[in-house]
Number of protein chains: 4
Amino acid sequence: MRVAILGASGYTGLELLRIVLRHPRLEPVVVTSEQRAGQPVGEAFPQLRGLAALRFESLDPDKIASRVDAAFSCLHAGTAAKAVAVLRKAGVPVVDLSADFRFRDPAVYAAWYGEHQAPELFGQAVYGIPELHRAELAGASFAAAAGCHATAALLALVPFLRADLAGPGPVIVDSKTGVSGAGRSLEDRYLFAELDGNVQAYKVAAHRHAPEIEQEASRAAGRAIGVTLVPQLLPVIRGIAASVYLQPATPLGADAAHAVLAEAWRDEPFVRVLPPGQAPSLQAVRGSNFCDVSAFVDERHGTLVVLAALDNLVKGASGQMVQCLNRMLGFDEREGLLEAPLAP
Amino acid sequence: MRVAILGASGYTGLELLRIVLRHPRLEPVVVTSEQRAGQPVGEAFPQLRGLAALRFESLDPDKIASRVDAAFSCLHAGTAAKAVAVLRKAGVPVVDLSADFRFRDPAVYAAWYGEHQAPELFGQAVYGIPELHRAELAGASFAAAAGCHATAALLALVPFLRADLAGPGPVIVDSKTGVSGAGRSLEDRYLFAELDGNVQAYKVAAHRHAPEIEQEASRAAGRAIGVTLVPQLLPVIRGIAASVYLQPATPLGADAAHAVLAEAWRDEPFVRVLPPGQAPSLQAVRGSNFCDVSAFVDERHGTLVVLAALDNLVKGASGQMVQCLNRMLGFDEREGLLEAPLAP
Amino acid sequence: MRVAILGASGYTGLELLRIVLRHPRLEPVVVTSEQRAGQPVGEAFPQLRGLAALRFESLDPDKIASRVDAAFSCLHAGTAAKAVAVLRKAGVPVVDLSADFRFRDPAVYAAWYGEHQAPELFGQAVYGIPELHRAELAGASFAAAAGCHATAALLALVPFLRADLAGPGPVIVDSKTGVSGAGRSLEDRYLFAELDGNVQAYKVAAHRHAPEIEQEASRAAGRAIGVTLVPQLLPVIRGIAASVYLQPATPLGADAAHAVLAEAWRDEPFVRVLPPGQAPSLQAVRGSNFCDVSAFVDERHGTLVVLAALDNLVKGASGQMVQCLNRMLGFDEREGLLEAPLAP
Amino acid sequence: MRVAILGASGYTGLELLRIVLRHPRLEPVVVTSEQRAGQPVGEAFPQLRGLAALRFESLDPDKIASRVDAAFSCLHAGTAAKAVAVLRKAGVPVVDLSADFRFRDPAVYAAWYGEHQAPELFGQAVYGIPELHRAELAGASFAAAAGCHATAALLALVPFLRADLAGPGPVIVDSKTGVSGAGRSLEDRYLFAELDGNVQAYKVAAHRHAPEIEQEASRAAGRAIGVTLVPQLLPVIRGIAASVYLQPATPLGADAAHAVLAEAWRDEPFVRVLPPGQAPSLQAVRGSNFCDVSAFVDERHGTLVVLAALDNLVKGASGQMVQCLNRMLGFDEREGLLEAPLAP
C-alpha cells in the first residue's frame, strides 16, 4: 500500500515515517512539507540519511490523491480539514491527527477551535482509539486519531466508567507531558535552558483536549462526565504520564480496581495492565506503541488513582494512526508496531 | 552564633552548609558524617573547596553540646531522636529535619514510623513552617522542620482551609519531586540512565508525608481533612511542584481564589503569590528559599487547582531550617536566605 | 537460529534482546542472569512485558551449549572467558562483548586486565568491527565485539591511517560518552542528582579501551600508533561522541579529508559520512546501529578533526554483536538492524 | 556605587543582576531591555519577583551616564561599541562583555567580526581576566571581559605557556559548553527536544573565541601560539568544560604538571587547582565564580591534558565582569562573588 504523510517534517510526521519505514505492508511515497519542499528527507533530517529515498514536496492534495492508497495527515487544525476534504472526496482512506474531525457536536468544536473548514465532513470520522472503537474502525475509511493527553486519560478512565464506578464529581486528570507534544515550536519555554530542571503547568483547566476526553468519557459512561485537565510540561522529550483521580460512587478495593483494568484490556496488544502496586513509567514505553496502566486506591480516603504512561509521539500520535489504518485496512493491528521500547 | 550540622554530608546537610556559610550571624563549627569523618569538607566535596576550613567528625552529641550555640540535625528518623534528645537535654536549641518530632499524636507516628526513640521529647517541637507557626517559633528552642511535600502542599492549601472553603471530600495532592529529595541513595531508580526522560509515581497514596499534611491541614481547617498524596519522581535534581485539587463547598471564582492566597501570604518574604493565570515553575525558585503559589479554578466544573513550587533542598529542607532558627533566635527571618534563584 | 544471551539483564544484554526480538532469523531461547534467575523477562523489566515469553536462568554453559545455535556473551571480563571457553569447546559460534578476546598480544592484555581466564583461546577471535574485518568474519565462529569508545574512534581514524596521512605524534581522542556505557552500576557519580547538568572526564589517558584502539589503529597504519584517550562522562543515557585530533604528516584540505572518509565507507550500510561542514549528533543515531562521521580541517593550523557519533548500546555494543553474527552466519549484515533512529 | 546593566534581560544580564543584588557595594539602578522596556523586572522574570524594585528601560546611553557610577554592558558586538563609546566619553567606568574591545590587532577583529563601530576606542580596554591582567585592571576604567571558552582555555593553558613548556604544534581545545552560552536564541538546535540526550560540535575550528585565546596565549608565551578550538554543545544549561591538549617540548611528569598549575594559581581566590588525578566537574562550580583546573599527563605518549570547568554565566561572563569591576574600583575582588556552588 502506497501512503502519503501530509505535514511530514514535524515531529509526528517524522515519527510516522520512522514507523512506516519498518511496516511490512506500507510504503511511503509522498511526504509533504512546505518548509522543506524539494529537499531529500535524509538531508533535511540526518537521522533518516540512508533510510528513505524520498524528497519532501509541497502539499497539493489533488495531485496526491491519485498517487496513494491511503493518507496520514499531521497537518494543523484548519489546514488539515481542507486537505483531508480533498482526499476524502477522491476516495482516499485517511487517518487525520488534527482535532478537526474528532468531535461529534459542532458547538463543542466551535467553542474550542472556531469555525470549521470542512463542515460537510464534520462528524464523519471514527474517533481513533482502536481500544475504544475497534468495531467502527473495521472497514472505515476515515479516522480522527485521538490526542495524546486524551489517549492516556481515556485508557485509564474508560474501564471504570463503563463499569459505572465513578461518583458524581468531576474527574481530575493531572497529565504530565514531554515537550515533543508541542512540536518544533520556537518559544522560550521550549528551550533547553528554560525547560531542563523545570516543570510547569500550562492551560490549567483550559486545554483543548479536555472536551475530547469528556466526549469519549461520557459515551463510555452513558452520562455526562466532567473532566478537569491540568497539563504539566516536563523536561522530557517523549511521554504522557497521566494521573487520573476519581471518587468512586461506592468504595472500591485495590484488587477490584486492578481487576476492572485487567478485564477491560485483557486482549489488547498495546495496553499493558501492570501488576498491583507497580506504577507505569515513561521509560518502559519510550519509542513504543504501548500504553501501560495501573490502578491504586487510597484505602484511607477512598480515592481511586489510575495511572497511564505512553509515548506521545507513538501511542499518542503516529503509532496510533498506523494502528487505526491497520484496522481500517484489515491488517493485523500490530503490523509495524510491535517493537520493544527503547530502555534505558 | 556557632552552629553544628549533624548529618552534614548528605544533600540537605551540604545545602545547610552552603546557606550557613553566607549567613551573617551563623558560623558552622561542627559538621558530622560517619562516612566522611576526618576528611576536610573541601576534599570530600569539591564544590566546597576553598570555602570552609572544617573537617567532618563522627557524631558525638555529648561533646558537641558544649561547642555550639545551636544545632541543625539532618539525621534520619530514629537516629535523629537520640542525638536530638542529648542536645536538648543540654539546653542546645535544635532544628530537626527528621519526622521524629513533627507529630502531635503518638499513634500516628507509630503507625507510619514505628517505635519512637525519644518518647519523652515527643510533641515538644514546634512544627517548622514559619508561615504557619510564626508565633510559636518566636523564642522556641526546638523546631521540627516540615517535609518537602508537606511544605508545598500546605502553603497551597492552608489559606483555603482557614477560609473554610473546602468541600467534604479528600484533598488530592499530585506532588512532583526532584530526585535530591531521596538523598544520595544508591538505588537503580535514582540512576541517571533510569531516571532521565522518565517520570514515575511512587508510594501512591502511601507516602509518610501524608499524615503530616493531614495533621497541619486539619489544624488549619478546625476539622479532619483527608489527603490523597501521590508523589511523582521527576528527572529533575531540585524541586517540588505540587498540584493540589479540591472541590470547594460552594463555587469560587478565579479572582476570589487568587485573593484568598494573596491575602494569606501578603506579608510573607518567601511565599510569592503569582498573578492570576501564571503557573509557578521550578526554575523560578531553584536554589532559593521561595515558594511560589497560584490558584486556578475550572470554571466549567468548579474544581479549585492550587499550584506550588519550591526547591526541596531549600524551602523544603535546609532553607526552612535556617528560617526557623532565625525566628527562634530573634533574627530577621530573611538573614542568609534572600538570594535570587539560579535561573536559567 | 536459536540464540543465547549470557548476562542478559544488564543494559547491553537487554538491548540485545530488543534487537534479537525483531530479527527475522534469530530467536532468543536462553537469557541468563544470576540476580534475576527464575523471573519472567517482562516482570523483571516492564518495558519487555508482553514481548518475550522467556525466563532468566542461571548461567550454566554446559547445558546451554546443546540448546542453542549461537551465543552472545555480555558477561564481564574474566567471567566471560570461562563461559565462552565452554561454549566454543562445544562448537557453538560465539560473539563476545568482553575485552577477553579482543587482543592479539598477551602482554598487553595482562598489563591492562590481569591474568587471562582462558589462555588457550586467547587470540582466537576476530576483532568485531565488520567495517574493519569483514573478510575475516565471514564464516568465522568466534568474534570479540569492539568496545564503544574503540568503535567510534576507529571508524573516524582508520581511513586516514590506511591512507598514511597521520603525522608522527600521538592521536588524541576526546570521547564523550553516555552513562549507559557504565552499565547499571550503583555509584554516586551515576546518580541523576550527580550527573544531570554535569560533565566530567574520567580515567584520563588511562582507560582500558586505549590499547585496543592502538592495536587496531596500528594494524591499519602498518606502524605503531599511540593514542591519548580521554573519556568524558555526559548527562546522556546513550551515545559516544568522539572527537579525534591528529596532525597530518602533510597539509590536507577539508575536501580531501572528506573524500578519504567518503571513499573508505562508501559501501557501508551503517557508517554514514556526513556532508562537509555537518557535525554528527547523538540524536541522529539514537537507538540505531549507525555510526555517523565527518571530517574537518583547521585551515589555519592544519589540525585534522574527525568526529564520530554512535549509540554505545547499539553500534557500540549489541547492534555490532548482531552485525558480526549476521556476517559470521552468512546473513545479510543489515538483518534486524536497519531501523530508523529515535529522534527526537 | 550605582550601576547600570545594559542588555539586562538576556541570560548574562539577568545573571549580573543576580550577583549585583547580593553585592554589598553595588546597587543596580538602571537595567535596559528593548523588548521588556517598561516592565517591572519581577513581572518579566518571575525568579526576580520580590527581589528588585526596578523597571526595564530602553537603552539611552546619554541619559544613563549621569545616573550611574559604573556600567556593565551585555549588549551584542556592534551595539555594544556604540553604547560603550558614549559612556566612556562621559567618563563612566565600563566593563563590556562583547568582543568589541577584547582585541589588540584591528585586523584580527575585522577578520572575525567585520567593521568596528567605535574605532577610536579600539584597544583601550584591559582584557578582562583578573588572573591574567590584575595589575592593569587596578585603577583602570575600561575592561573587556573575556569570553567563556577563552576564560576556561586560558586558565588551563597560560601557566604552561608562561613556563615555556609547550611544543611547536597547535594547542587543541575541546570545549564543551552549556546552552546558556548561546543566550535565549530561538533556534531549533537549542530546543529541549533537540538538545536533550544530544551532543554536537559546532563551528569546528572556526569559532570566534579562537583568535581571542590565541592573542592571550601568545602574550603569555611570548611567541605565536596556534589554537584549534572545537566547541561542543552539551545538554546542560550552565558550564564550560574545556579539555586542553598539548605536546610539551620536553617530557613532563604528572607531578611537575600539577606543580605548574598549583604554583601559578596559588593565591587566586577563584581558580582552584584540584589534587592530582581529580578531574573538574561542572557541578562543583555551578552558579559560582570558581574555575577548577587540573593537569594530567599521558605517561605513555607524553600528551599533556589540562582540564578546566567553570560556569559560563558566572566566571565565563557576569561573575568575571563583577570581579573586574571590583578590581578596577579597588574593592576586594571577592565581594559579591564568594558563594558556594549549587550542588547537587
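Here the structure is a predicted model, which means the values were calculated and not measured. What you see as residue numbers is a count from 1 along each chain, following the sequence as written. Both sets of labels track the order of writing: A upward for chains, 1 upward for ligands. Reporting of local features is limited, given that this is a predicted model, to residues whose pLDDT is at least 70; pairs of side-chain atoms are given and counted only at 80 or more, and all residues count toward the totals for whole chains, interfaces and linings. In computing side-chain values, all of the structure's heavy atoms are included and hydrogens and water are not.

**Looking at the pattern of salt bridges**
All names here are of chain A.
Moving on, step 1. Note on definitions: salt bridges are taken to be side-chain nitrogens of Lys or Arg within 4 Å of carboxyl oxygens of Asp or Glu. Across all of its chains, the model carries 96 salt bridges over all chains by this definition.
Moving on, step 2. The shortest N-O distance in the salt bridge between Arg 272 and Asp 292 comes to 2.8 Å. Taken together, the residues span a long stretch of sequence, with Arg 272 in strand β12 (residues 271-273) and Asp 292 in strand β13 (residues 291-297) at a distance of 20 residues.
Moving on, step 3. Each residue's exposure class comes from its accessible area (1.4 Å probe, protein chains only) as a fraction of the maximum for that residue type: buried when under 20%, exposed when over 50%, partly exposed otherwise. Owing to a relative accessible area of 1%, Asp 292 belongs among the buried residues under this scheme. Secondary structure counts use DSSP, requiring at least four H or I residues in a row for a helix and at least two E residues in a row for a strand, with both numbered from the N terminus.

**A closer look at the packing of aromatic side chains**
Moving on, step 1. Centres within 6.5 Å are what make two rings of Phe, Tyr or Trp a pair, Trp counting through its six-membered ring; a difference in plane orientation under 30 degrees is then read as stacked, over 60 as edge-to-face, and the rest as tilted. If you walk through the whole model with that rule in mind, you get 32 aromatic pairs over all chains.
Moving on, step 2. Look at Tyr109(C) and Tyr113(C): their rings are 5.2 Å apart centre to centre, the planes differ by 20°, and that puts the pair in the stacked class. Taken together, the positions of Tyr109(C) and Tyr113(C), both in helix α5 (residues 106-113) and four residues apart, correspond to about one turn of that helix.
Moving on, step 3. Pairwise contacts between aromatic rings join Phe103(A), Tyr109(A), Tyr113(A) and Phe122(A) into one cluster.

**Observations concerning the interface of chain C and chain D**
Moving on, step 1. Contact between two residues is taken to exist if any of their heavy atoms lie within 4.5 Å; hydrogens are not considered. At the junction of the two partners, chain C supplies 44 residues and chain D supplies 44 residues.
Moving on, step 2. Summed over both partners, the interface of chain C with chain D comes to about 3,500 Å²; 57% of that surface belongs to carbon and sulfur atoms.
Moving on, step 3. Interface area lost by chain C to chain D is led by Val199(C), Tyr245(C) and Arg300(C), which between them contribute 14%.
Moving on, step 4. Across the contact surface, chain C and chain D share four salt bridges.
Moving on, step 5. Notably, a salt bridge pairs Arg300(C) with Glu214(D), separated by 2.8 Å at the nearest N-O pair.
Moving on, step 6. Secondary structure elements with two or more residues in the side of chain C that touches chain D: β8 (171-177), α8 (192-195), β9 (200-201), α9 (210-221), β10 (227-233), β11 (240-246) and β14 (304-310) of chain C.
Moving on, step 7. Looking at the side of chain C that touches chain D element by element, the count peaks at four residues for β10(C).
Moving on, step 8. Its residues placed into classes, the side of chain C that touches chain D shows 23 nonpolar, twelve polar and nine charged. Put simply, buried area is the surface a 1.4 Å probe can reach on two separate parts but cannot reach once they are joined, added for both. Charged means Asp, Glu, Lys or Arg here, nonpolar means Ala, Val, Leu, Ile, Met, Phe, Trp, Tyr, Cys or Pro, and polar covers whatever is left, Gly included.

**So, the interface of chain A and chain B**
Moving on, step 1. On the side of chain B, 44 residues touch chain A, which itself brings 44 residues to the contact.
Moving on, step 2. Together chain A and chain B conceal approximately 3,500 Å² of surface at their shared face, both sides included; 57% is due to carbon and sulfur atoms.
Moving on, step 3. Of all residues in chain A, the largest losses of buried area upon contact with chain B belong to Val199(A), Tyr245(A) and Arg300(A), amounting jointly to 14% of the total for that side.
Moving on, step 4. Counting across the interface, chain A meets chain B through four salt bridges.
Moving on, step 5. Contacts described as polar in this section are N or O atom pairs within 3.5 Å, which, within protein, must combine one atom able to donate a hydrogen with one able to accept it, while residues neighboring in sequence count only if both atoms come from side chains. For the pair chain A and chain B, the interface holds 28 residue pairs in polar contact (both at pLDDT 80 or more).
Moving on, step 6. Listing elements by their share of the side of chain A that touches chain B, those giving two or more residues are β8 (171-177), α8 (192-195), β9 (200-201), α9 (210-221), β10 (227-233), β11 (240-246) and β14 (304-310) of chain A.

**Quick word on the packing of helix α7 (residues 148-162) of chain C against helix α10 (residues 254-264) of chain C**
Residues and elements named next belong to chain C.
Moving on, step 1. Lines fitted to C-alpha atoms define the axes here, with helix axes fitted over just the stretch in contact, and angles between the N-to-C directions of these axes take values from 0 to 180 degrees. Running from amino to carboxyl end, α7 crosses α10 at an angle of 105°, the nearest separation of the two axes being 9 Å. As the angle between them shows, α7 and α10 are arranged roughly perpendicular. Between α7 and α10, the residues in contact are Leu 155, Ala 156, Pro 159 and Phe 160 and Ala 257, Val 260, Leu 261 and Ala 264, respectively.
Moving on, step 2. Residues of the contact of α7 with α10, tallied by class, amount to eight nonpolar, no polar and no charged. Note that the term roughly parallel is reserved for angles under 35 degrees, roughly antiparallel for angles over 145, roughly perpendicular for angles of 65 to 115, and oblique for everything else.

**Some details on the relation of the copies chain C and chain D**
Moving on, step 1. Superposing the copies works by least squares over the C-alpha atoms of residues that have pLDDT at least 70 in both of them. When chain C is fitted to chain D, the residual RMSD is 0.0 Å, and the transformation amounts to a turn of 180° plus an axial shift of 0.0 Å. As the rotation angle and translation indicate, the two copies are arranged about a two-fold axis.
Moving on, step 2. Of the residues that chain C buries at the interface, 100% are likewise interface residues in chain D, meaning the two copies contact each other through the same surface.

**Observations regarding the relation of the copies chain A and chain B**
Moving on, step 1. Superposition record for chain A on chain B: RMSD 0.0 Å, screw rotation 180°, translation along axis 0.0 Å.
Moving on, step 2. A shared interface surface links the copies, since 100% of the contact residues of chain A are contact residues in chain B too.

**Points about the side chain of Gln283(A)**
Moving on, step 1. Along the polypeptide, Gln283(A) turns up in the loop between β12 and β13.
Moving on, step 2. Residue classification places Gln283(A) among the buried residues on the basis of a relative accessible area of 7%.
Moving on, step 3. Those residues in contact with Gln283(A), other than ones at most four positions away along the chain, are Pro341(A), Leu342(A), Ala343(A), Pro344(A), Ala193(B), Glu194(B), Asn198(B) and Ile237(C).

**Overview of the sheet that holds strand β4 (residues 70-73) of chain C**
Residues and elements named next belong to chain C.
Moving on, step 1. The pairing criterion for strands is at least two bridges between them, as found by DSSP. Read across the open sheet, the seven strands follow the order β3-β2-β1-β4-β5-β7-β6; overall the sheet is parallel. The sheet terminates laterally at β3 (56-57) and β6 (126-128), the two strands that pair on one side only.
Moving on, step 2. In terms of strand pairing, strand β5 (residues 94-96) meets strand β7 (residues 142-145) through three bridges, oriented parallel. Bridging from a neighbouring strand, Asp 96 pairs with Ala 144 of β7.
Moving on, step 3. Along the sheet, helix α4 (residues 79-89) contacts β1 (2-6), β4, β5 and β7; its crossing angle with β5, the most-contacted strand, is approximately 170°.

**Observations concerning the sheet that holds strand β4 (residues 70-73) of chain B**
All names here are of chain B.
Moving on, step 1. With parallel pairing, seven strands are arranged side by side in an open sheet as β3-β2-β1-β4-β5-β7-β6. Where the open sheet ends on each side, the last strands, each with one partner, are β3 (56-57) and β6 (126-128).
Moving on, step 2. Strand direction decides the pairing type here: β4 and strand β5 (residues 94-96), joined by three bridges, are parallel. By the bridge assignment, Phe 72 is partnered in β5 with Val 95.
Moving on, step 3. This element, helix α1 (residues 11-22), spans β1 (2-6), β2 (27-32) and β4 of the sheet and lies at about 165° to β2.
Moving on, step 4. Helix α4 (residues 79-89) rests against β1, β4, β5 and β7 (142-145) of the sheet, and its axis sits at about 170° to β5.

**A closer look at helix α11 (residues 314-329) of chain B**
All names here are of chain B.
Moving on, step 1. If you check α11, its first and last C-alpha atoms are just 19 Å apart, much less than what 16 residues at 1.5 Å a residue would give, namely 22 Å.
Moving on, step 2. We define the bend at any residue as the angle between the axes fitted to the seven residues before and including it, ending there, and the seven starting there. The largest bend in α11 amounts to roughly 50° and is located at Gln 320.
Moving on, step 3. Within α11, 14 of the 16 residues are buried, leaving the element largely enclosed by the surrounding structure.
Moving on, step 4. Remark: Gly 330 follows α11 within two positions and exhibits a positive phi of approximately 80°. The length a helix should cover is 1.5 Å for every residue beyond the first.

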